[in-house]
Amino acid sequence: LCTPAAAKTLTVATDTNFPPFEFKDASGKHTGFDVELWDAIARQLGMDYKLQPMDFNGIIPGLQTGQLDAGIAGMTIKPERAEVIDFSDPYYNAGLLIMVKADNTDVNGIEDLKGKVVSTKLGTTSEDFVKKNANAEEVKLFPNNDAMILELMSGGADAVVFDSPVLANFMRSDAGKGKVKVVGPLYMGQSYGIGFPKGSPLTAKVNEALKKLRESGAYDALYMKWFGTEP
Ligand code: GLN
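One structure accompanies this document, and this report is about it. (Residues numbered from 1 in each chain as written. Predicted model: local features only at pLDDT ≥ 70, side-chain atom pairs only at ≥ 80, totals over all residues. Heavy atoms only, no water.)

1. Examining the side chain of T203
Take T203: it is sitting in helix 7 (residues 202-216). On the basis of relative accessible area, T203 is assigned to the buried category, the value being 10%. Reaching out from T203, the side chain makes a polar contact with the backbone oxygen of S200 at a distance of 3.3 Å. The contacts of T203, once residues within four sequence positions are left out, are D86, F87, S88 and F196. (Helix = DSSP H or I, 4+ residues; strand = E, 2+ residues; numbered from the N terminus. Buried < 20%, exposed > 50% of the residue type's maximum accessible area, 1.4 Å probe, protein only. Polar contact = N/O pair within 3.5 Å; in protein donor to acceptor, adjacent residues only side chain to side chain. Contact = heavy atoms within 4.5 Å.)

2. Structural notes on the site of the ligand
Surveying the vicinity of the ligand reveals 14 residues, the closest of which are D15, G74, R81, K121 and D163. D15 has a polar side-chain atom sitting 2.8 Å from a nitrogen atom of the ligand. When the ligand is considered free in solution it has 300 Å² of accessible area, and contact with the protein chains removes 100% of it. Each residue belonging to the shell around the ligand can be placed in one class, and the counts come to 6 nonpolar, 4 polar and 4 charged. (Near = heavy atom within 4 Å. Areas by Shrake-Rupley, 256 points an atom, 1.4 Å probe, with all protein chains shown as cover. Nonpolar A, V, L, I, M, F, W, Y, C, P; charged D, E, K, R; others polar.)

3. Overview of the environment of I149
Locating I149 in the fold gives a position in helix 5 (residues 145-153). Once the C-alpha coordinates of I149 and P90 are considered, the two residues, 59 residues apart in sequence, prove to be 27 Å apart. Aside from chain neighbours lying at most four places away, what touches I149 is M99, V160 and F170.

4. Here's the deal with the pattern of salt bridges
Counted according to the given criterion, the structure contains 10 salt bridges. A salt bridge links K131 to E127, with the nearest nitrogen and oxygen atoms 2.7 Å apart. Residue K131 and its partner E127 are located together in helix 4 (residues 125-133), separated by 4 residues, close to a single helical turn. Between E151 and K140 there is a salt bridge, with its nearest N and O atoms 2.8 Å apart. A residue pair is termed long-range when its members are at least 10 positions apart, and E151 in helix 5 and K140 in strand 9 (residues 138-142) qualify at 11 residues. Classification of E151 by relative accessible area gives buried; the value is 17%. (Salt bridge = Lys/Arg side-chain N within 4 Å of Asp/Glu carboxyl O.)

By themselves, these observations are geometric and do not establish any function.
Here's what the structure looks like:
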């Protein structure tokens, strides 16, 4: 039965730009793995929603105050966050990488960031990782991907530290091809989860939908479409 509460349009946050999970296509529409995965979940559950792209560091506070009903933004599941919001089951495994200009020869791993200027995104696992593990001269924090990467390209930073699938995607893009490279191993394994306000009844429903999408092969098809490999 369709009660007014069930018919509510959900407000679902995503990052403004975190390709290939979410980004604006040539027509200005948000698309990507997260965007299409959420759409498949919502259709499975018969829920209406409005997608709200925003700077990543606004998403957790928006979930905490209940202004957002969910957030799908390549968001890493971690204990400190799980104290203030709920997470779905993991839906993607990633890690962190170091990216430098293609002609850089002196940065080959985290230890070489000592005394260097590092660019990354505000409020992310990369901010924590760099502050804890790189003895950097300066850590420049940006609200979005474009500014974070531009800082490296324009010479304002020696390296970017960020999520592996996003840096791999940039390296293959027209803007990055031949101009940048990643160095060192994959750091700090992490799993992405969808975020919800604490105690939200949506969490269990979304986990159920995710499970069905995995069973039906729809999840694998989306993964193949956006990452070009099997999960
Ligand atoms: N996975 C990282 C984090 O959760 C970055 C997410 C993002 O920038 N959208 O902190």
